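One-letter residues, chain by chain:
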Amino acid sequence: MIFAPTIALNDGARIPQLGLGVYKATDEQAENAVSVAVDLGYRHVDTATLYANETGVGRAVAASSVPRSELFITTKVFQDRHGYDEARRSFDESLVRLGLEYVDLFLIHWPAPAQNLYVETWRALEKIQADGLARSIGVSNFHPHHLERLANETSVVPSINQVELHPWLPQRETRAYDDAHGIVTEAWSPLARGRVLDNPVLDELAAKYGKTPAQIVIRWHLELGNVVIPKSVTPSRIAENIDVFDFALDESDLARIATLETGERTGRDPDFNG
Ligand code: NDP
């Protein structure tokens, strides 16, 4: 088995630096993928209400022989449920679907600034954490100016900011803001949905270390200090993606990967999504 190291969060909890993403997996696929992953040593799973597979994730957790306390489960509230009461209801429904008594991390999925409800939604997350139902709370897709609003108008600093981040989009500004404020940056679509992998620089580094391009990219995330949650429903890839703790990239490798930056997103800019 291969275990990922953990990173300290600003609330005293720890998060495994590598986890399994399950976006676009059905309940059945997510159940299978999580079961395979936990058997390989994964201890961290990232789901969301939007993914409509919390039930499958919960089934795999229930069936696993790994104690609940050793697993780190994240879910999220989507922007169709923003607002104090609505976010709490959405959270309660997620817990029921997951079949859990608490989650390790609960995130606001998108700030959806046009609705102007993310501050109120954050207050619901503060209460959920105070009630002991989410050990840690955080945000996703927050630009520094969204985080600044939370800092000015609420009391708890998010533990995590989960953003689109891969070699095309290294998110230097957001990572610097997060670092300066004790917020851990978590990379979604860490492989740019698989699209970043077909590249001669990554092929060359893969040959240098006897690894695959996906393993090189995942290792790059780890060197940057990101939490990283590659998604796969393919058992061989789930195994490949956690087999990244027996080598390290050096400064010259990181400089080569930096040349892949294009600024291209696979998803929406958070300022223009809802
Ligand atoms: P990823 O960058 O993780 O890429 C996933 C794709 O790459 C899948 O098609 C997968 O195929 C393929 N893949 C995985 N491993 C390998 C490998 N070793 N070699 C070749 N191909 C591979 O994209 P995601 O968008 O899924 O992002 C990861 C996770 O981040 C999501 O699952 C979700 O949990 C989270 N996320 C959060 C968002 C947010 O707004 N907060 C938005 C989007 C994602 P296959 O499964 O067929 O093996």
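First things first, this report covers the structure right here in the doc. (Residues numbered from 1 in each chain as written. Predicted model: local features only at pLDDT ≥ 70, side-chain atom pairs only at ≥ 80, totals over all residues. Heavy atoms only, no water.)

## Considerations on helix 7 (residues 200–209)
Inclusion rule: Residue burial is assigned from relative accessible area. The probe radius is 1.4 Å, only protein chains are included, and a residue is buried under 20% of its type maximum, exposed over 50%, and partly exposed in between. Only DSSP runs of H or I with at least four residues qualify as helices, and only runs of E with at least two residues qualify as strands; both kinds are numbered from the N terminus onward. This arc is built from the directions going out from the helix axis to the C-beta atoms. The contact criterion used is simple: two residues touch if any of their non-hydrogen atoms lie within 4.5 Å.
Every buried residue of helix 7 is listed here: Val201, Leu202, Leu205 and Ala206. Looking down the long axis of helix 7, one finds its buried residues gathered within 135 degrees of arc, a one-sided arrangement. Along helix 7, exposed side chains directed more than 90 degrees from the buried face belong to Pro200 and Ala207. Buried residues along helix 7 sit in contact with helix 8 (213–224) and helix 10 (251–258).

## Regarding the packing of aromatic side chains
Two descriptors summarise a pair of aromatic rings, namely the distance from one centre to the other and the angle between the planes of the rings. For clarity, the cut-off: Only Phe, Tyr and Trp rings take part, Trp by its six-membered ring, and two of them pair if their centres are within 6.5 Å. Stacked means planes under 30 degrees apart, edge-to-face means over 60, and tilted covers everything else.
This structure, assessed with the given rule, holds five aromatic pairs. Relative to Tyr51, the ring of Tyr23 lies with its centre 4.8 Å away and its plane at 40 degrees, an arrangement referred to as tilted. Residue Tyr23 is found in the loop between strand 3 (20–21) and helix 1 (27–40), and its partner Tyr51 is found in the loop between strand 4 (44–46) and helix 2 (54–63); the two are separated by 28 residues along the sequence. The exposure class assigned to Tyr51 is buried, which follows from its relative accessible area of 12%. The interplanar angle of 65 degrees and the centroid separation of 6.2 Å between the aromatic rings of Trp110 and Trp188 together place this pair among those described as edge-to-face. Of this pair, Trp110 sits in the loop between strand 6 (103–108) and helix 4 (118–130) while Trp188 sits in strand 9 (residues 184–188), and the two are 78 residues apart along the sequence.

## A word on the site of the ligand
Just so we agree on the cut-off: A single heavy atom is enough: if one lies within 4 Å of a molecule or strand, its residue is considered near that molecule or strand. The method behind every accessible area is Shrake-Rupley, applied with a 1.4 Å probe, and residues are considered shielded solely by the protein chains displayed.
Neighbouring the ligand are 29 residues; Asp46, Ser189, Leu191, Ser232 and Thr234 lie closest to it. Against a free-state accessible area of 900 Å², the protein chains account for coverage of 87% of the ligand. A per-element tally of the shell around the ligand places helix 9 (residues 235–242) first, with three residues.

## Considering the sheet that holds strand 4
Hydrogen bonds between backbone groups are what pair the strands of a sheet, and the pairing can be parallel or antiparallel. Our working rule: Two strands pair if DSSP finds at least two bridges between them.
Pairing in this open sheet of eight strands is parallel, and the strands run 3-4-5-6-7-8-9-10 from one edge to the other. Each edge of the open sheet carries a strand with a single partner, namely strand 3 and strand 10 (227–228). Two strands pair when backbone bridges link them, and strand 8 (residues 160–164) and strand 9 are joined in this way by five bridges, in the parallel orientation. Pairing of Ile160 across the sheet is with Val184, part of strand 9.

## Section: the packing of helix 2 against helix 3 (residues 84–98)
How we decide: Axis definition: a line fitted to C-alpha atoms, limited for helices to the stretch in contact. Angles are taken between N-to-C directions and run from 0 to 180 degrees. Roughly parallel means an angle under 35 degrees; roughly antiparallel means over 145; roughly perpendicular covers 65 to 115; every other angle is labelled oblique.
Where helix 2 contacts helix 3, the two axes come as close as 7 Å, and the packing angle between them is 45 degrees. Judged by the angle between their axes, helix 2 and helix 3 are oblique. Here Glu54, Thr55, Val57 and Gly58 of helix 2 come into contact with helix 3, specifically with Ser94, Arg97 and Leu98.

## Remarks on the nonpolar core
Short version of the rule: Nonpolar cores are built from buried Ala, Val, Leu, Ile, Met, Phe, Trp, Tyr and Cys residues. Side-chain atoms within 4.5 Å join them into one set.
Within the largest apolar cluster, 69 residues are counted, with the highest numbers of intra-cluster contacts made by Leu18, Leu20, Val22, Val34, Val57, Phe106 and Ile216. Apart from residues no more than four positions distant in its own chain, Ile216 is found in contact with Leu202, Leu205, Ala206, Tyr209, Lys211, Phe247, Leu249 and Ile257. Counting nine residues, the second largest nonpolar core, distinct from the first, contains Ile15, Phe72, Leu105 and Val184.

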